[in-house]
Amino acid sequence: MTTTPDRPPVVDLETWQAARDELLVREKAHTREGDAIAAARRRLPMVEFDGTVEVVGPDGPVPFLQLFEGRDELVVYKHMWYDGAPHQGQCEGCTTVAWHLKDAVYLNARGVSFAILTTGRWDEVAAYVEFMGYTQPWYSVRDVPAPVGDNMGYLTSYLRDGDRAFLTYSTTGRGDERANASLGLLDMTPYGRGEAWEDNPEGWPKGRDACWFWRTDADGNPAWGPTSRPVPQWTRPGATPVQTLGREGHHH
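Below, the structure is looked at part by part. This structure is a prediction, so every number in the text was calculated from the model and none was measured.

## Looking at the nonpolar core
Logical step 1: Ranked by internal contacts, the top residues of the largest apolar core, which has 43 residues, are Phe64, Leu67 and Val148.
Logical step 2: Within the residue set of this core, elements represented by two or more residues are strand 6 (73-79), helix 2 (92-99), strand 7 (112-118), helix 4 (122-132), strand 8 (138-140) and strand 9 (154-161).
Logical step 3: Counting residues per element, this core draws most heavily on helix 4, which supplies five residues.

Shown next, in the form of C-alpha cells:
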C-alpha cells in the first residue's frame with residue numbers, strides 16, 4: 001500500500017473490493033432506513049386548504065388547482081426572490097435547485113405535476129424565467145397565504161381530490177438536496193463537496209464555507225461579491241460580467 005497526504009491509499013483490486021464490500025453493508029443499511037423514513041412520510045396526515053386561491057402565471061391569475069394540470073399529485077419548489085434585483089442578484093441557492101429541475105417529464109409520466117413558486121412580482125419573474133431559459137411552469141404567489149405562499153426555499157408536496165387540495169409534505173435546508181443531483185454525485189467522489197464541515201482524512205484539501213460554489217465571477221472563480229452570478233447563469237446567452245447584485249445581504 002502506498003499513500004500520499006492528499007490522496008486515497010493505493011492498493012490492489014482485491015484489497016479495494018474487500019473495503020468496498022465492507023462499506024456496502026453500511027450503504028445498504030442507510031438505504032433501508034431511507035425507505036423506512038419514506039414509508040413514514042407517506043403516513044403523515046395532511047392539511048386541506050382553499051385550492052381556488054389564485055396565483056399568477058403567464059396567462060394571468062389562475063386557481064392553484066390548475067397547477068395540478070389534471071393530475072392528482074403536485075410537487076413545487078418555492079424559489080426565494082429579491083424584489084427589484086437584476087438577474088445576477090436573485091437567490092443563488094434557489095437558482096442551483098431550480099437549475100436541477102428543468103425537466104419534469106418523468107414526474108409527469110408518474111402522475112405528478114411540478115411547478116416553481118416565488119414571491120416576486122410576475123413581470124420580474126417572467127423576465128427572469130425567459131433569461132434562464134426555464135421551461136417548467138413558474139407562478140408568482142405574492143401575498144398568497146400558506147400553505148401555497150408564505151416562506152420560500154421549500155420543496156413541498158400537494159394532493160388533489162377533485163376540487164379539494166391538501167398539503168402533504170414540506171422540507172427545506174438540506175432537505176432540498178434531494179432535488180440537486182450534483183450533490184449526490186459529489187458525495188461519491190474522493191474529495192466530496194469540498195466544504196469545511198465534511199469529515200475528511202488528515203492532509204485532505206481544506207474545505208470551504210458551505211455553498212461556496214453557488215456563485216462565480218466571469219472567470220469561473222467562486223465569489224460572493226458584486227461581480228458574481230449564480231453559476232448556472234453563465235451558461236445563458238447575454239450573461240455578461242456585472243458590477244452589482246442590486247440587493248443587500250448574503251442569502252442562503
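Let us keep going from here.
## What to know about the pattern of salt bridges
Close approach of charged atoms lets side chains of opposite charge pair.
Logical step 1: In total, this model carries 13 salt bridges according to the counting rule given.
Logical step 2: The partner of Arg164 in a salt bridge is Glu48, and the shortest N-O contact between them spans 2.7 Å. Taken together, the positions of Arg164 in strand 10 (residues 164-172) and Glu48 in strand 3 (residues 47-49) put the pair 116 residues apart, joining distant regions of the chain.
Logical step 3: Given a relative accessible area of 40%, Arg164 falls into the partly exposed group.
Logical step 4: The class for Glu48 is partly exposed, based on a relative accessible area of 42%.
Logical step 5: Ionic pairing is found between Glu92 and Arg215, a salt bridge with its closest N-O pair at 2.5 Å. One end of the pair, Glu92, is in helix 2; the other, Arg215, is in strand 11 (residues 215-216), and 123 residues separate them in sequence. As far as burial versus exposure is concerned, Glu92 and Arg215 are alike and both buried.
Logical step 6: Each of Asp83, Arg121, Glu124 and Arg142 takes part in a single network of salt bridges with overlapping partners.

## Let's talk about unusual backbone geometry
Logical step 1: Cis rather than trans, the peptide bond between Ala146 and Pro147 has omega equal to 10°.
Logical step 2: With respect to the helices, strands and loops of the structure, Pro147 is situated in the loop between strand 8 and strand 9.

## Observations regarding helix 4
Because an α-helix completes one turn every 3.6 residues, residues spaced three or four positions apart along the sequence face the same direction.
Logical step 1: Listed as buried for helix 4 are Glu124, Val125, Tyr128, Val129, Phe131 and Met132. What you see down the axis of helix 4 is that its buried residues fit within an arc of 160°, all on one side. Among the exposed residues of helix 4, those pointing more than 90 degrees away from its buried face are Asp123 and Glu130.
Logical step 2: Among the structural elements, strand 6, helix 2, strand 7, strand 8 and strand 12 (229-230) are those in contact with the buried residues of helix 4.
Logical step 3: Gly133, located one to two residues past helix 4, shows a positive phi value of around 75°.

## Considering the state of the cysteines
Logical step 1: One pass over the full model with this rule turns up zero disulfides.
Logical step 2: Here Cys91 is not disulfide-linked; the sulfur of Cys94 is the nearest cysteine sulfur, at 3.5 Å.
Logical step 3: The closest cysteine sulfur to the non-disulfide-bonded Cys211 is located on Cys91, 9.6 Å from its own sulfur.
Logical step 4: Of the residues examined, Cys211 reaches a relative accessible area of 14% and is grouped as buried.

## Thoughts on the side chain of Glu124
Logical step 1: Topologically, Glu124 is positioned in helix 4.
Logical step 2: When its relative accessible area of 18% is taken as the criterion, Glu124 is described as buried.
Logical step 3: Among the polar contacts made by the side chain of Glu124, one reaches the main-chain amide nitrogen of Gly84 at a distance of 3.1 Å.
Logical step 4: The contacts of Glu124, once residues within four sequence positions are left out, are Trp81, Tyr82, Asp83 and Gly84.

Cut-offs and rules
Residues numbered from 1 in each chain as written. Predicted model: local features only at pLDDT ≥ 70, side-chain atom pairs only at ≥ 80, totals over all residues. Heavy atoms only, no water. Core = buried A, V, L, I, M, F, W, Y, C linked by side-chain atoms within 4.5 Å. Buried < 20%, exposed > 50% of the residue type's maximum accessible area, 1.4 Å probe, protein only. Helix = DSSP H or I, 4+ residues; strand = E, 2+ residues; numbered from the N terminus. Salt bridge = Lys/Arg side-chain N within 4 Å of Asp/Glu carboxyl O. Arc of directions from axis to C-beta. Contact = heavy atoms within 4.5 Å. Disulfide = S-S within 2.5 Å. Polar contact = N/O pair within 3.5 Å; in protein donor to acceptor, adjacent residues only side chain to side chain.

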